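Residue strings, one per chain:
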Amino acid sequence: MTGQAEPISAVAREALERELAGLRTDRAKVAATLRGGEEVGDRADQADELQRATEVDRLDARIAVIDGRLRQATVAGPPDTDAIGVGSTVRVRFADGTETTVQVGELAEALDRTLVTTDSPLGRALLGHRVGETVDYEAPTGPATAVVLSLGDGTDG
């Protein structure tokens, strides 16, 4: 990520929104067990209270990160249609002649085989490139290349 407001793919937005809902539910459950300033019994009770308070802090921190990322994506608007970025849909041709369409995203969805993350070798290589350009990246089998055929809705940009 560049530190600037960046778009987010629909798949990543949905994943973050699901995670956020789960975190808020978990936080509410844990927070409901806190005594909130009441004197706690013995040391074991105090340790348990401290552990729950630490868990609420951890959940709050993750909630803040996700909230911030979703707000940033909203400010950024839709993905750029001139250069590849987060949220872009890209058609590429590999050196062996095969072609595929991928979406560049931040979060890997286990069932979404069309998503390449920005921290994967291909995803990193594609960022900032345009239609017609060739990207080099390190595949598990060694050096590889791909040509950007289209960006966005399947047209030349």
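Since this is a predicted model, take the numbers as computed values, not measurements.

Criteria and thresholds
Residues numbered from 1 in each chain as written. Predicted model: local features only at pLDDT ≥ 70, side-chain atom pairs only at ≥ 80, totals over all residues. Heavy atoms only, no water. Pairing = 2+ DSSP bridges. Helix = DSSP H or I, 4+ residues; strand = E, 2+ residues; numbered from the N terminus. Axes fitted to C-alpha atoms, helices over the stretch in contact; angles between N-to-C directions. Salt bridge = Lys/Arg side-chain N within 4 Å of Asp/Glu carboxyl O.

Draft legend 1. The sheet that holds strand β3 (residues 115–117), seen in detail. Taken in spatial order, the five strands of this open sheet run β3-β2-β1-β5-β4, and their pairing is mixed. If you trace the sheet from one side to the other, it starts and ends with β3 and β4 (134–139), each paired once. With strand direction ignored, the average angle separating the axes of adjacent strands in the sheet is 45 degrees. Bridging between β4 and strand β5 (residues 142–151) involves six bridges; their strand directions are antiparallel. From the neighbouring strand, Glu 138 faces β5, where its bridge partner is Pro 143.

Draft legend 2. Representation of the environment of Leu 115 within the structure. Looking at the element boundaries, Leu 115 is found in strand β3. Residues Leu 115 and Thr 101 lie 14 residues apart in sequence; the distance between their C-alpha atoms is 9.0 Å.

Draft legend 3. Molecular detail of the pattern of salt bridges. The tally for this structure, following the rule as stated, stands at nine salt bridges. When salt bridges with common partners are traced through the structure, they connect Asp 48, Glu 49 and Arg 52 into a single cluster.

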